[in-house]
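Remarks on the overall topology
The lines below spell out each chain.
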Amino acid sequence: MGHRYYLLLVAYLTSTLGNWMYRLTLPLLVLKLTGSALGAASLYAIEYGPFLLLSLLGGVFADRLSRRRLLLVGDGVSAVIAAVLAGVVGAGVTALWPIYVTAFLLACVEPIYHPAFYSLLPNLVDTGRLAQANSWLQSGENVINLVGPVVAGSVIALFDFRVALVVDAVTFALSAVCIALI
């Protein structure tokens, strides 16, 4: 399928792992800071809102703008946001608003990222191999969806929330590097 496809595959799987890092880390951090399951659960509502607000816009952007550039910007912005939050957590700040804002901003990237990703794929793979390419992507995503929470939980358990957020930032940066090499 070619090296450009494999770079895209690695970028997508790495970015998806990064999504799991923050999706598990942030609610657990809120739970630790507040002891409130409702506070932690509210993060999921905050993270779902951007899908409702931006999904259609993400498709428009993917049709009208450079898909590769959208992916680069998405991963770059996600890396910066996660790194800033890692710094905030590392500094011992216990305010909830940075966590909620971060969750919202990181979730804003996904409805833009996914349409750009899936519409770039046919440009990298021959039509005859597109079904196989999609199959590999879906299988890889399912594996990441299985192991992502375990990896995130393990990093938190072995280290702390700050390290998990640093790992999150690194996954997005690595994904951006792969996209840049396409």
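Residues numbered from 1 in each chain as written. Predicted model: local features only at pLDDT ≥ 70, side-chain atom pairs only at ≥ 80, totals over all residues. Heavy atoms only, no water.

1. Thoughts on the overall build of the protein
The secondary structure content of the protein amounts to six helices and zero strands. Counting helices and strands in the order they occur from the N terminus, the protein gives α-α-α-α-α-α. In terms of overall dimensions, the protein is globule-like: its C-alpha atoms have a radius of gyration of 16 Å, near the 16 Å expected for 182 residues. Taking the principal axes of its C-alpha atoms as reference, the protein extends roughly 55 × 35 × 25 Å. Here the protein holds 182 residues, and 45% of them are scored as buried. The long-range share in the protein, meaning contacts at least 24 apart out of those at least 6 apart in sequence, stands at 86%. A total accessible area of about 8700 Å² is found for the protein, and carbon and sulfur atoms account for 70% of it. (Helix = DSSP H or I, 4+ residues; strand = E, 2+ residues; numbered from the N terminus. Rg over C-alpha atoms; globule rule 2.2 N^0.38 Å. Buried < 20%, exposed > 50% of the residue type's maximum accessible area, 1.4 Å probe, protein only. Contact = heavy atoms within 4.5 Å. Areas by Shrake-Rupley, 256 points an atom, 1.4 Å probe, with all protein chains shown as cover.)

2. Looking at the packing of helix H1 (residues 3-34) against helix H4 (residues 97-124)
Interaxial distance between H1 and H4 falls to 11 Å at its minimum, and their mutual angle equals 165°. By the angle class used here, H1 and H4 are roughly antiparallel. Remark: the crossing between H1 and H4 carries left-handed chirality. Split into classes, the residues belonging to the contact of H1 with H4 amount to 20 nonpolar, five polar and three charged. (Axes fitted to C-alpha atoms, helices over the stretch in contact; angles between N-to-C directions. Parallel < 35°, antiparallel > 145°, perpendicular 65-115°, else oblique. Left-handed = near helix turned anticlockwise from the far one by under 90°. Nonpolar A, V, L, I, M, F, W, Y, C, P; charged D, E, K, R; others polar.)

3. Considerations on the environment of valine 150
Note that valine 150 resides in helix H5 (residues 130-158). What makes valine 150 exposed here is its relative accessible area of 54%. Through-space distance from the C-alpha of valine 150 to that of leucine 70 is 29 Å; in sequence the pair is 80 residues apart.

4. With respect to helix H2 (residues 37-64)
Between its first and last C-alpha, H2 extends 41 Å over 28 residues, near the 40 Å set by a 1.5 Å rise per residue. At leucine 54, H2 is deflected by roughly 55°, the largest bend along its length. Structurally, the start of H2 carries an N-cap: the backbone nitrogen of leucine 38 is 3.3 Å from a side-chain oxygen of serine 36. (Expected span 1.5 Å × (residues − 1). Bend = angle between axes of the 7 residues up to and from the residue. Polar contact = N/O pair within 3.5 Å; in protein donor to acceptor, adjacent residues only side chain to side chain.)

5. Focus: the nonpolar core
Inside soluble globular proteins, nonpolar side chains tend to come together where they are buried. The biggest cluster of nonpolar side chains holds 28 residues, and the ones touching the most others in it are Tyr5, Leu8, Leu71, Phe117, Leu121, Val125 and Leu137. Those elements giving two or more residues to this core turn out to be H1, H2, helix H3 (67-90), H4, H5 and helix H6 (161-181). Ranked by residues supplied to this core, first place goes to H4 with nine residues. Among residues more than four places away in sequence, those in contact with leucine 71 are Leu8, Tyr113, Ala116, Phe117, Leu120 and Ile179. (Core = buried A, V, L, I, M, F, W, Y, C linked by side-chain atoms within 4.5 Å.)

6. Brief notes about the pattern of salt bridges
Following the criterion strictly, the structure yields one salt bridge and no others. Arginine 23 is paired through a salt bridge with glutamate 110; the nearest N and O atoms lie 2.5 Å apart. Taken together, the positions of arginine 23 in helix H1 and glutamate 110 in helix H4 put the pair 87 residues apart, joining distant regions of the chain. Residue class for arginine 23 comes out partly exposed when judged on its relative accessible area of 21%. (Salt bridge = Lys/Arg side-chain N within 4 Å of Asp/Glu carboxyl O.)

7. What about a nonpolar patch on the surface?
On the surface, Tyr48, Leu52, Leu53, Trp97, Val101, Phe104 and Leu105 cluster together into a nonpolar patch covering about 770 Å² of accessible area. Going through the elements one at a time, H2 and H4 are the ones with two or more residues in the nonpolar patch. Relative to the helices and strands, tryptophan 97 resides in helix H4. (Patch = residues over 30% accessible without salt bridge, like charges linked within 9 Å, V, L, I, M, F, W, Y side chains within 5 Å.)

8. Here we look at the side chain of serine 119
Note that serine 119 resides in helix H4. At 2.8 Å, the side chain of serine 119 forms a polar contact with the side chain of arginine 67. In this structure the side chain of serine 119 is engaged in a polar contact, spanning 3.3 Å, whose partner is the backbone oxygen of alanine 116. Leave out the neighbours within four places in its chain, and serine 119 touches Ala62 and Arg67.

In short, geometric facts, not functional conclusions.
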